Amino acid sequence: MRRMAARALGRGFFATASPTTRAAPWTTASTRVAASASWRRGRAGDLDLGGVGATATETRWRRRRGRRSRHRGASFASSSATTTDTDPGPALPPPTTEDVRVATMRWLDDVVIGENLCPFARAPRSTPGAIRCVVAEATTIDALFETFREEATALAGTYTAADEKYVDEEEEEEEASPGASDAKSLSEPSTTLVVTPRLDALDDDFVLFLAVVEECEAILESSGLSRRVQLASFHPNYYFEGEEPADPGSYTNRSPYPAIHLLRTVDVSRAIDAHPDTEAIPAANVERLREVGRKTLYETLAALRAFRSR
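The structure reproduced in this document is the subject of the present report. Being a predicted model, the structure only gives us computed values, none of them experimental. (Residues numbered from 1 in each chain as written. Predicted model: local features only at pLDDT ≥ 70, side-chain atom pairs only at ≥ 80, totals over all residues. Heavy atoms only, no water.)

### Digging into the packing of helix α6 (residues 141-156) against helix α10 (residues 206-222)
Phase 1: Two elements in contact, α6 and α10, have axes separated by 11 Å at closest approach and are oriented at 45 degrees. With respect to α10, the element α6 is oriented oblique. The interaxial crossing formed by α6 with α10 has right-handed handedness. Residue-level contacts link I141, L144, F145, F148, R149 and A152 of α6 to L208, V212, E215, C216, I219 and L220 of α10.
Phase 2: Across the contact of α6 with α10, the residue classes break down as 10 nonpolar, no polar and two charged. (Axes fitted to C-alpha atoms, helices over the stretch in contact; angles between N-to-C directions. Helix = DSSP H or I, 4+ residues; strand = E, 2+ residues; numbered from the N terminus. Parallel < 35°, antiparallel > 145°, perpendicular 65-115°, else oblique. Left-handed = near helix turned anticlockwise from the far one by under 90°. Contact = heavy atoms within 4.5 Å. Nonpolar A, V, L, I, M, F, W, Y, C, P; charged D, E, K, R; others polar.)

Listed below in structure tokens is the structure:
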């Protein structure tokens, strides 16, 4: 039970029924991603989901095929949004690597922690080096996957013997919690954000982004890392199945730039064990953001995205 809850809480997203398996296994990752996105669009009647605005049919499809997780924002851890949420504003020079990093960390501080969307984010944020923010300079999807693989491997390598024991106890006794002495000997929480600002296609097309995240899951499985590392994802135009695109609740997973969040399974499990009611977090987050209001949330995200140091 605890193992399953950890997996669901850490993911924070849902990818539709494994369309990447429709591509031959010897094809490249980018080819599989293209096939997955094409399959998704085919299910929608070949709608253009990468453009601005949403027809009624497109919106209905998004509700059916969008993200289905209800564990939003519990990990510190959309297809495209409507026209009101995609106003490009004045032309700006491309952000530098440092611009992207600063904007992402301010989003973490001001939105994720500031609005208390994730009760687990404050501790690692206050620990130097616990949160690694990697700005991927990749200009191709295959290059992004290489960065992702490297970062996932590095994060998995931070496990200690105590961490392994904690995970083993989960698998052997799902209903049992490790003792206090075991918990105290665990390594400090560590997590990685891979932010991708150079791939305009991912920025504009949430369907393509979903396919990329799905391929990242497949990489974890094929590399033998899925036991140690889980994913959550964030996107500027993120929204959830069954909800209106304009619902402020979608901002639990909206970020200045597309981002894939790598979490250690042991940290997610430990957070769940220590929290009295993780299942209440998503609904509380939605209510909190609805109180803040869509206009304020949109302006906050737009300002972060427009941030330039010079």
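Structure's up, so let's keep going.
### Looking at the side chain of S190
Phase 1: In this fold, S190 is placed in the loop between α8 (180-184) and β2 (191-195).
Phase 2: Contact partners of S190, with chain neighbours within four places excluded, come to A130, L155, R264 and D267.

### A closer look at the pairing of strand β1 (residues 131-135)
Phase 1: Taking burial as the measure, the five residues of β1 include four buried ones, the bulk of the element.
Phase 2: In the sheet, β1 pairs with β2 via five bridges, with the strands oriented parallel. Counted as the bridge partner of C133 is L193 from β2. (Buried < 20%, exposed > 50% of the residue type's maximum accessible area, 1.4 Å probe, protein only. Pairing = 2+ DSSP bridges.)

### Considering the packing of helix α4 (residues 97-113) against helix α13 (residues 294-305)
Phase 1: It is the contact of α4 with α13, at a shortest axis distance of 9 Å, that shows an interaxial angle of 155 degrees. Overall, the two elements α4 and α13 adopt an arrangement that is roughly antiparallel. Seen from above, α4 lies across α13 with right-handed handedness. Side by side, α4 and α13 meet where A103, R106, W107 and V111 of the first sit next to T300, L301 and L304 of the second.
Phase 2: Its residues assigned to classes, the contact of α4 with α13 shows five nonpolar, one polar and one charged.

### Here's the deal with the environment of D205
Phase 1: Topologically, D205 is positioned in the loop between α9 (200-204) and α10.
Phase 2: Residue classification places D205 among the buried positions, given a relative accessible area of 9%.
Phase 3: The sequence separation of D205 and H235 amounts to 30 residues, and the corresponding C-alpha distance is 9.8 Å.
Phase 4: Only 3.2 Å separates the side chain of D205 from the backbone nitrogen of L208, close enough to count as a polar contact. (Polar contact = N/O pair within 3.5 Å; in protein donor to acceptor, adjacent residues only side chain to side chain.)

### Some thoughts on unusual backbone geometry
Phase 1: With phi around 55 degrees, N116 is a residue other than glycine that occupies positive phi space.
Phase 2: With respect to the helices, strands and loops of the structure, N116 is situated in the loop between α4 and α5 (122-125).
Phase 3: For N116, a relative accessible area of 37% gives the class partly exposed.

### Here we look at the environment of P90
Phase 1: Note on placement: P90 falls in the loop between α3 (56-65) and α4.
Phase 2: Look at P90 and you get exposed, because its relative accessible area is 68%.
Phase 3: Spatially, the C-alpha atoms of P90 and A306 are 9.3 Å apart, while their sequence positions differ by 216 residues.

### A look at the pattern of salt bridges
Side chains bearing opposite charge may pair, as long as their charged atoms lie close to each other.
Phase 1: For the structure shown, the criterion picks out 14 salt bridges.
Phase 2: Put simply, E164 and R228 hold a salt bridge, and the shortest N to O gap is 2.1 Å. Placement of the pair is E164 in helix α7 (residues 161-172) and R228 in the loop between α10 and β3 (229-234), with a sequence separation of 64 residues.
Phase 3: The exposure class of R228 is partly exposed, given its relative accessible area of 26%.
Phase 4: One salt-bridge network, in which partners are shared between bridges, spans D163, R264, D267 and R270. (Salt bridge = Lys/Arg side-chain N within 4 Å of Asp/Glu carboxyl O.)

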